[in-house]
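Overview (structure and organization)
Below are the chains, spelled out letter by letter.
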Amino acid sequence: MSTYPIDPYLDAIAAALKASPFVLLKAEPGAGKSTRAPLSLLTHFKKVLVVQPRRLAARLAASWVATQSGEPLGQLVGYQIRLEKQLTAATRLLFVTEGVFTRKLLQDPQLKEFDLVILDEFHERHLQTDLALAILRAISLQRKELRVLVMSATLELGPLQSYLGEVPSFDVPGRSFPIVVEYHPGGPNQKLEDEVSVAVHKMLEDPRCKGNILVFLSGMSEIYSCRERLERTLSSAIDIVPLTAELAGQYDRLFRDEGRRKLILSTNVAETSVTLPRVEGVIDTGWAKISGYAPWSGLPTLERQRISQASAIQRAGRAGRVAPGVCYRLYSQSEFNSRPLFTKPEIQRIDLSQMLLEIQVIFSGVPRAWEELPWFESPEDLHIKQSRELLEHLEAFDSSGNLCPDAKEMAGLPLHPRLARLVLAGKREGQGAICLLAALLINEEGVLRRDEWRREQGLCDVCYQLGLLLQGSPLLDRNKSQRIRQLYDSLRPGLRLPSWSSLGSSFDELMVRRAIFLAFADRIAKFRPMAERGGRGLRHFNFCQGRGGVLGERSIVRESEWLVAVDARETLSADPQERTRIETSTAIDPSWLELDPFELRRQTLEISFDEKSGRVRKIKQELYGKLLISESVEQADGGELSAHLAAVVSERWPDSIQNVSELRAYHHKLAILDRNKVEHNMPQFAGDYLELLILHLCEGAHSLSEVHAKDLRQAIEDQLDYSDLVHLRELCPDTVLLQNGRQLKIHYEDEGEPWIEARIQEFFGQIDTPRICRGRQPLLIKLLAPSRRPAQITQDLRGFWQGSYQEVKKELKRRYPKHAWPDDPLNYVPSAGLKPRS
């Protein structure tokens, strides 16, 4: 048997584990940590559990270790992953995924079956990895004999030692060879499959790569499109091998016909843990499916995102395991430098509700147990709060964070708590099997073929696919359909549900829709008819939590006013109103909102101003979140209406008043008094005084038109004491009496001088400029020609008569000869036939 770099360390690692509850192992790629260490430690411990982050890695590692042990897989060495396991009572070394590990904790919170737990590839920092470490640390305080080995190829020993204490650690070198990294970015409009094809053909001719080639892609669709493109151009002497968790059976092809070159098209499952023979070349597209959180559905997602620098380095390292290698990155070096150093841990970026539920069930005797867990990196308080509130609405937690009666059964389902609630709601109605299938359909994001276009019209996208699934329709994706059937068969015994063959093809669609509503009642949307435009036929909706979106073209729910947006996605639409697209929905009856499982229903009673009518109304509204259910006009007393109308007038002042000249005139009069140092107690109408004036104007009014009809001058005078009003009228009168007996209006406008105007003839006999404010303020006189256009403006009337009058007379007499133009205007007496026009 060949030796590995880790072999000289194995005895020391075992001894460290005997002495310390935790041991850290950093072993570079190719060192043999995932396969050599577990089998070696089995000679020192009774039963060992190895937790792997990926299904394919767990299955392959178990298979390889079983071969090295000399016993068939499922005997001494076994594995258990989703929908698949090989183990017996004799199994002492068990490889599992993180999800299975959590299931075991739910069944046995003390893990009494095992005395050593190995956490492999800890650097990937999945949510379940962080949870596992925190729980194992909590358990180790009670089970002193339990031992934990934390392993990774890129483990940061410092932070973990600070967290665990000064525990033993090992840093094992790997077997690696030099790697040349080159950057080959494609064109801006080049398709991915064309980029990959060009890179593959170039690498096949590259003398630095004589072995197999590994291409990293983000998912199944990219693998299929690239394989189809390459099959048309590659030599038949090259085997194309797709490799994903779903295509684990392809792995064996890598070891057949070792003389033939292999082109491996893989997801990031090939970054770590999986042994890939003779790989000397890597092509990295720079993308991966990274777990996240869908705010619309509240369910976990896998989104296509750019990988971090650490992941890119890990991928390139695959080319140097067996010989010097080469890595082509299909992006630029500047883009690599701009990427984050590490992928953000899942505990900081995904929904935590399922994790909280599992923690509370595992530590059911400890209220709010997640607060007591010794976290390596604590989740954010806001994420905890949001997840806890969701669990309360789903009736898993009470307001104190304790378990509700359904909580353990919900946690027992390997589904998000929303979907678990959906299943239990259906089970109570005797439709648990149908609702379990509905939950699985939502979890798997549907089962329709990618090219299938839904032309039917109905009330529920989930029910539509459920019907096709039960009928075995050819419209469905065969792999997805088979996976859902396997999931159903694995879960139905625990729920005591009937077998698949006994389900039939009919079901109660109304019940399924109601169950979906109960699980997604915070995702309600209401049709927005005014948003339909441009003849495109898009149906726009507002969401109860705010914002809005359009119904996806593939949805069959095309006529409903109210629906549940089970799944919605952000798009790159140029129109902000269309960037959120509802992909999966179900129609609801508005009467269901009365059930209000998420406590979003509320009633408001408020006075509001109607822009269209200009009236104030008292409105009673029934709301669901931010969506209007119903509205009615209520009786309101005059005081309420007037006060609200005053607030509207005040907010829009002075535009809310059609003519504010009287207020300007009043303020001008006060300015004149102040300028001429006349003492008074009259207020400026600003601030509180303005509010009082507006309230007075709005008293008894119900609309802006009624306010406009009010006499603003009278309203102003109503605010003054009688003595002040008399004083104002005396000092700043509205009219002035000339010496010839004529009375003229005084204009108080803007900030200028008060002024009067009339034709020149009307001032004949007036010697001096009229004055106000006890003679302190001369009036500005606008002397008008017979056409009523200003001929002279002056504050010195005597000077005008003695000076420029003769020049003005000479000019105007020529143009208006029928009017009087005496040589002595001060003593002129008009004749009976030629009176100046007033």
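Residues numbered from 1 in each chain as written. Predicted model: local features only at pLDDT ≥ 70, side-chain atom pairs only at ≥ 80, totals over all residues. Heavy atoms only, no water.

**Details of helix α24 (residues 722–731)**
Listing the buried residues of α24 in full gives D724, L725, H727, L728 and L731. Within α24, the buried residues cover an arc of 160° as seen down the axis, which keeps them to one side. Of the exposed residues in α24, the ones pointing more than 90 degrees away from its buried face are Y722 and S723. Of the surrounding elements, those touching the buried residues of α24 are α20 (661–675), α23 (712–718) and β28 (771–772). (Buried < 20%, exposed > 50% of the residue type's maximum accessible area, 1.4 Å probe, protein only. Helix = DSSP H or I, 4+ residues; strand = E, 2+ residues; numbered from the N terminus. Arc of directions from axis to C-beta. Contact = heavy atoms within 4.5 Å.)

**Overview of the packing of aromatic side chains**
Two numbers describe a pair of aromatic rings. These are the distance of the centres and the angle of the planes. Scanning the model with the defined rule gives 16 aromatic pairs in all. Arranged with centres 5.5 Å apart and planes meeting at 85°, the rings of F764 and Y828 form a pair that is edge-to-face. Remark: Y828 occurs in the segment after α26 (805–815) and F764 occurs in the loop between β27 (755–759) and β28; sequence separation between them is 64 residues. Of the residues examined, Y828 reaches a relative accessible area of 23% and is grouped as partly exposed. (Phe/Tyr/Trp six-rings, centres within 6.5 Å; stacked < 30°, edge-to-face > 60°.)

**Details of the pattern of salt bridges**
Tallying each qualifying case throughout the model produces 41 salt bridges. Here R59 and E84 are joined by a salt bridge, their closest N and O atoms 3.1 Å apart. Taken together, the positions of R59 in helix α3 (residues 55–69) and E84 in strand β4 (residues 84–86) put the pair 25 residues apart, joining distant regions of the chain. When its relative accessible area of 25% is taken as the criterion, R59 is described as partly exposed. Note that E706 is salt-bridged to R615, the shortest N-O span being 3.8 Å. Here R615 lies in strand β23 (residues 615–624) and E706 lies in helix α22 (residues 704–708), a separation of 91 residues in the sequence. Each of E662, K669, R713, E717, R729 and D734 takes part in one network of salt bridges that share partners. (Salt bridge = Lys/Arg side-chain N within 4 Å of Asp/Glu carboxyl O.)

**Looking at the sheet that holds strand β11 (residues 238–243)**
Ordered by their spatial adjacency, 6 strands build an open sheet running β9-β16-β13-β10-β12-β11, and the pairing between neighbours is parallel. Edge strands, defined here as strands with exactly one partner in the open sheet, are β9 (179–183) and β11. Averaged over all adjacent pairs, the angle separating strand axes in this sheet is 20°, with direction ignored. Where strand β10 (residues 212–216) meets strand β13 (residues 279–284), 5 bridges bridge the pair, whose relative direction is parallel. In the strand pairing of β13, I213 is matched with G281. (Pairing = 2+ DSSP bridges. Axes fitted to C-alpha atoms, helices over the stretch in contact; angles between N-to-C directions.)

**As for the pairing of strand β8 (residues 169–172)**
In β8, alternate side chains face the same way, and those of F170 and V172 are buried while those of S169 and D171 on the opposite face are not. Both strand β1 (residues 22–27) and β8 contribute to a ladder of 4 bridges, which runs parallel. By the bridge assignment for β8, A27 is matched with V172.

**Regarding a nonpolar patch on the surface**
On the surface, Y689, L692 and L695 cluster together into a nonpolar patch covering about 300 Å² of accessible area. With relative accessibility at 42%, the residue L695 sits in the partly exposed group. (Patch = residues over 30% accessible without salt bridge, like charges linked within 9 Å, V, L, I, M, F, W, Y side chains within 5 Å. Areas by Shrake-Rupley, 256 points an atom, 1.4 Å probe, with all protein chains shown as cover.)

**Some details on the packing of helix α2 (residues 33–41) against α3**
Running from N to C, α2 and α3 point in directions that differ by 50°, and their axes come no closer than 10 Å. By the angle class used here, α2 and α3 are oblique. Handedness of the α2/α3 crossing: right-handed. Contacts between α2 and α3 involve T35, R36 and L39 from the former and A61, W64, V65, Q68 and S69 from the latter. Split by residue class, the contact of α2 with α3 holds 4 nonpolar, 3 polar and 1 charged. (Parallel < 35°, antiparallel > 145°, perpendicular 65-115°, else oblique. Left-handed = near helix turned anticlockwise from the far one by under 90°. Nonpolar A, V, L, I, M, F, W, Y, C, P; charged D, E, K, R; others polar.)

**Comments concerning the confidence of the model for the chain**
Here the chain averages 89 in pLDDT, while 94% of its residues score no lower than 70. The spread of mean pLDDT over the elements of the chain runs between strand β15 (residues 300–306), the lowest at 78, and strand β6 (residues 116–119), the highest at 98. Here residues 832–838 scores under 50 on pLDDT; set against residues more than four positions off or in separate chains, the count is 12 contacts. (pLDDT = per-residue confidence, 0-100.)

**What about the sheet that holds β1?**
Taken together, 8 strands build an open sheet; the order of strands is β4-β3-β5-β2-β6-β7-β1-β8 and the sheet is mixed. Lying at the two open borders of the sheet, with one neighbouring strand each, are β4 and β8. With strand direction ignored, the average angle separating the axes of adjacent strands in the sheet is 15°. Alignment of strand β3 (residues 77–81) against strand β5 (residues 93–97), held across 4 bridges, turns out to be parallel. Within β5, the position partnered with V77 by the bridge is L93.

**Quick word on helix α19 (residues 638–651)**
Helix length check: α19 (14 residues) gives 20 Å between terminal C-alpha atoms against 20 Å at 1.5 Å per residue, within 8%. Those residues of α19 lying buried are L641, S642, L645, A646, V648 and V649. Seen end-on, α19 carries its buried residues on one side only, within an arc spanning 160°. Looking at the buried residues of α19, the elements they touch are β22 (601–610), β23, α21 (688–698) and α22. (Expected span 1.5 Å × (residues − 1).)

**Here's the deal with the side chain of S585**
Along the chain, S585 turns up in strand β21 (residues 580–587). Accessibility expressed as a relative area gives 0% for S585, which makes it buried. Here S585 is in contact with C460, D461, V462, L551, S555, V557, L563, V564 and V566, once residues within four sequence places are set aside.

**Brief notes about unusual backbone geometry**
Note the cis peptide between W653 and P654, where omega equals 5°. Mapped onto the fold, P654 is located in the loop between α19 and α20. With phi around 45°, D257 is a residue other than glycine that occupies positive phi space. For D257, the location among the structural elements is in the loop between β11 and β12 (261–266).

**Re the environment of Q314**
Looking at the secondary structure, you find Q314 in helix α9 (residues 309–317). The sequence separation of Q314 and N268 amounts to 46 residues, and the corresponding C-alpha distance is 10.0 Å.

**Considerations on the nonpolar core**
Where a protein is soluble and globular, its nonpolar side chains tend to be buried together. In terms of nonpolar packing, the biggest core is built from 124 residues, with F101, L422 and I524 touching the most fellow members. The dominant element in this core, judged by the number of residues it contributes, is helix α15 (residues 432–443), at 10 residues. When near neighbours in sequence (up to four residues on either side) are disregarded, F101 contacts L49, V51, V96, L111, V117, A132 and L136. Counting residues in each nonpolar core, the second largest holds 61 residues, with L641, L744, F764 and A820 among its members. (Core = buried A, V, L, I, M, F, W, Y, C linked by side-chain atoms within 4.5 Å.)

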